[in-house]
Amino acid sequence: MEAMKETVDQSLREMRDTFASGRTRSVKWRKTQLEAIIEMVKDNEEKMCDVLFQDLGKHSTEAFRDELGFVMRSATTALNNLDKWVVPRKSNLPLLFYPATGKVISEPYGTVLVLSSWNFPISLSLDPMIGAISAGNTVLLKASELSPNASAFLAKTIPSYLDTKAIKVIEGGPDVATILLQHQWDKIFFTGSPRIGKIIMSAAAEHLTPVTLELGGKCPTIVDHHSVSKDMKSVVKRISGGKWGSCSGQACISVDYVLVEQSFASSLIEMLKPVIKSFFGENPKESGCLARIVTKKHFQRLSRLLNDPRVQASIVYGGSMDEEKLYVEPTILLNPPLDSEIMNEEIFGPILPIITLRDIQESIGFIKSKPKPLAIYAFTKDEKLKTRILSETSSGSVTFNDVMIQYMCDALPFGGVGESGMGRYHGKYSFECFSHEKAIMEGSLAMDLEPRYPPWNNFKLTFIRLAFREAYFKLALLMLGLKKTK
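Cut-offs applied
- Residues numbered from 1 in each chain as written.
- Predicted model: local features only at pLDDT ≥ 70, side-chain atom pairs only at ≥ 80, totals over all residues.
- Heavy atoms only, no water.
- Helix = DSSP H or I, 4+ residues; strand = E, 2+ residues; numbered from the N terminus.
- Buried < 20%, exposed > 50% of the residue type's maximum accessible area, 1.4 Å probe, protein only.
- Contact = heavy atoms within 4.5 Å.
- Areas by Shrake-Rupley, 256 points an atom, 1.4 Å probe, with all protein chains shown as cover.
- Pairing = 2+ DSSP bridges.
- Axes fitted to C-alpha atoms, helices over the stretch in contact; angles between N-to-C directions.
- Core = buried A, V, L, I, M, F, W, Y, C linked by side-chain atoms within 4.5 Å.
- Expected span 1.5 Å × (residues − 1).
- 1 Å grid on protein atoms, 1.4 Å probe; cavity = no way out; pocket = protein on both sides within 12 Å on 5 of 7 lines; lining within 4 Å.
- Points joined across faces, edges and corners; volume = space filled by probe spheres on them.
- Nonpolar A, V, L, I, M, F, W, Y, C, P; charged D, E, K, R; others polar.
- Salt bridge = Lys/Arg side-chain N within 4 Å of Asp/Glu carboxyl O.

We now examine the overall build of the protein. Tallying secondary structure elements over the protein gives 19 helices and 18 strands in all. Once the C-alpha set of the protein is aligned to its principal axes, its extents read approximately 90 × 60 × 40 Å. When each of the 486 residues of the protein is scored for burial, the buried share is 53%. Considering only intrachain contacts with a sequence separation of at least 6, the fraction spanning at least 24 residues in the protein is 70%. Accessible surface, the protein as shown: approximately 22,400 Å² in total, 54% of it carbon and sulfur.

Turning to the sheet that holds strand β15 (residues 376-379), a few remarks are in order. Taking strand neighbours across the sheet as the criterion, the seven strands line up as β10-β13-β14-β9-β8-β15-β16 in an open arrangement whose pairing is mixed. Strands at the two margins of the open sheet, each flanked by one partner only, are β10 (315-317) and β16 (398-400). Going across the sheet, the axis of each strand differs from the next one's by a mean of 25 degrees, ignoring polarity. Relative to strand β9 (residues 257-261), strand β8 (residues 220-223) runs parallel, the two being bridged by four bridges. Of the residues in β9, the one forming a bridge with proline 220 is tyrosine 257. Of the strands in this sheet, β9, β10, β13 (331-334) and β14 (351-357) are in contact with helix α11 (residues 262-280), which crosses β9 at around 135 degrees. The sheet strands contacting helix α15 (residues 383-392) are β8, β15 and β16, and the helix crosses β16 at an angle near 170 degrees.

Formed by 89 residues in total, the largest nonpolar core has its most connected members in Leu126, Met129, Ile158, Val258, Leu268 and Leu272. Per element, the largest residue contribution to this core is 10 residues, and it comes from helix α4 (residues 60-85). In contact with leucine 272, other than residues within four places in its own chain, are Val236, Ile239, Ser240, Trp244, Ile332, Leu352 and Ile354. Judged by nonpolar contacts, the second largest core, of 26 residues, contains Ile222, Val311, Ile364 and Ile389.

On to the environment of glutamine 262. As for its position among the elements, glutamine 262 is in helix α11. For the pair glutamine 262 and leucine 449, spaced 187 residues apart in the sequence, the C-alpha separation amounts to 71 Å. Excluding anything up to four places from it in sequence, glutamine 262 contacts Thr356 and Leu357.

Our focus in this paragraph is helix α2 (residues 27-43). In a regular helix each residue adds 1.5 Å, so 17 residues correspond to 24 Å; α2 covers 24 Å between its end C-alpha atoms and thus fits that length. All buried positions along α2 are accounted for by Trp29, Arg30, Gln33, Leu34, Ala36, Ile37, Ile38, Met40 and Val41.

Summed over all chains, the structure comprises two cavities of 30 Å³ or more. Computed from the structure, the largest cavity encloses a volume of approximately 40 Å³. If you trace the largest cavity, you find it lined by Ser74, Ala78, Trp85, Asp127, Ile130, Gly131, Ser134, Gly427, Ser430 and Phe431. Those elements that place two or more of their residues in the lining of the largest cavity are α4, α5 (123-134) and α17 (428-433). Considering each element in turn, the lining of the largest cavity owes the most residues, four residues, to α5. Class assignment for the residues of the lining of the largest cavity results in four nonpolar, five polar and one charged. The space that makes up the second largest cavity amounts to roughly 30 Å³. Taken together, Leu181, His183, Trp185, Ile188, Ala203, Ala204, His207 and Thr209 form the lining of the second largest cavity. Across the lining of the second largest cavity, the residue classes tally to five nonpolar, three polar and no charged.

It is worth spelling out the side chain of serine 430 at this point. As for its position among the elements, serine 430 is in helix α17. Serine 430 sits in the buried class, given a relative accessible area of 4%. Setting aside residues no more than four positions away along its own chain, serine 430 makes contact with Gly131 and Tyr425.

A separate point is the pairing of β8. The two faces of a sheet get side chains in turn, since along a regular strand they alternate between them. Alternating residues of β8 divide into Pro220 and Ile222 and Thr221 and Val223, and every residue in both groups is buried. Pairing geometry for β8 and β15, over three bridges, is parallel. Note on β15: the bridge partner recorded for threonine 221 is tyrosine 377.

A few words now on the sheet that holds strand β2 (residues 101-108). One open sheet accounts for three strands, arranged β1-β2-β18; its pairing is antiparallel. Every other strand in the sheet has two partners, leaving β1 (89-91) and β18 (435-442) as the edge strands with one partner each. Neighbour-to-neighbour, the strand axes of the sheet open up by a mean angle of 30 degrees, direction not taken into account. One ladder, built from three bridges, connects β1 with β2; its direction is antiparallel. Across the sheet, serine 91 pairs through a bridge with glycine 102, a residue of β2.

Moving on: the environment of threonine 331. Residue placement: threonine 331 occurs in strand β13. By relative accessible area, which is 0% here, threonine 331 ends up buried. Taking the C-alpha atoms as reference, threonine 331 lies 28 Å from lysine 381; in sequence the two are 50 residues apart.

This structure, assessed with the given rule, holds 27 salt bridges. Taking the shortest distance from any N to any O, the salt bridge between aspartate 163 and arginine 23 comes out at 3.0 Å. A residue pair is termed long-range when its members are at least 10 positions apart, and aspartate 163 in the loop between α6 (148-161) and β5 (167-169) and arginine 23 in the loop between α1 (2-21) and α2 qualify at 140 residues. A salt bridge links glutamate 345 to arginine 301, with the nearest nitrogen and oxygen atoms 2.9 Å apart. Of the two residues, glutamate 345 is situated in the loop between β13 and β14 and arginine 301 in helix α12 (residues 296-307); the sequence distance between them amounts to 44 residues. For glutamate 345, a relative accessible area of 22% corresponds to the partly exposed category. For arginine 301, a relative accessible area of 16% translates into the label buried.

If you want it as structure tokens, here you go:
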């Protein structure tokens, strides 16, 4: 560990020196790095797909959709818009301040730490880095040790493409993360669980370091079958894709559970079964299209959740497991006990509880009784229900009549609220995430307002009262002696 401490110290010194030199503030430097990221992904597409298969069993198509393609789009968006993002924004000042002018400039924080997660180890490492580089920061990345092949690939490959004095990668587990968090950073960006998020935030508080926490939670899906009955084929397909089609449910924005009226539950289950088979065949374990559970520890956690006798009794489809292959079959539960562990922690696996309600309107109260989720999904055409969801619940995002696509849309901010996280990124929001917006005001020495200064009197007090109200006509009368002071 002493050697690692020295490595971290040396890396930090070099990154801080690089930032102090002003090199990373150059738009040309930023664009060069963004172009290099795109080139890196293109050059190494096959290798990246290989490491994602080794770590998580992801099919190459899934890997490109969720990681490689996403990263290239993110970098391209930043590259194409950077010139606009860095332009100072003029502020319209109240007339009271005339002839002063104001603007806001975006300046980089400095040296930032990115701690990424294992479930999307390429995109969740490179996408925050794209934001940090776009804003002009130096960056140190620690990828998750739970996806070791991806972590090793990034540590080996990034230095071949990016500025090694400004952008660094360090590998390691919790002990290395502890060393990193003992240092002062200008910004910390973390993707992971709420439990670790609390540790990150506590460490950041020691240095008053700003943090962005991309966490998770139990993302509910409301199915209002009354209003979408004609589109149930698409609804079921999208729910299935949102549960089992992305890292086997090991995603912070995957469908965690479904809320549906009791009268429709059995129909929904019967519609889900053939869709699962159309996705993964009769034997999902051998399909090559279902990602595996990341580690034995995570497999055993899922096994524990399912082995609760009360939960076992609720299994209506699937339920088989293979620890050697880290495989959990796509599984559907019907009304597992609400006080069971599986209904009180993020599942993060291919298990889908279906909870029945007497009336779909009760879904609002059900969601409000839980911690704020990262996302709420609702399949409904009922505008009143939509309004209630938006006005009565709180979540990182709400998506109507689809799942997970909000993450891919860089025109919208992505982030949580409450236990599901703080801060936001994607597209321009990533640039803003890693920038300090500095207010610039330039006054004029050509004129002065005496009411600003002592000695105080009633005239000055009246002037100040009217100024705060922006009552300019009355101010003019006061200055002309046509309005009485109080």
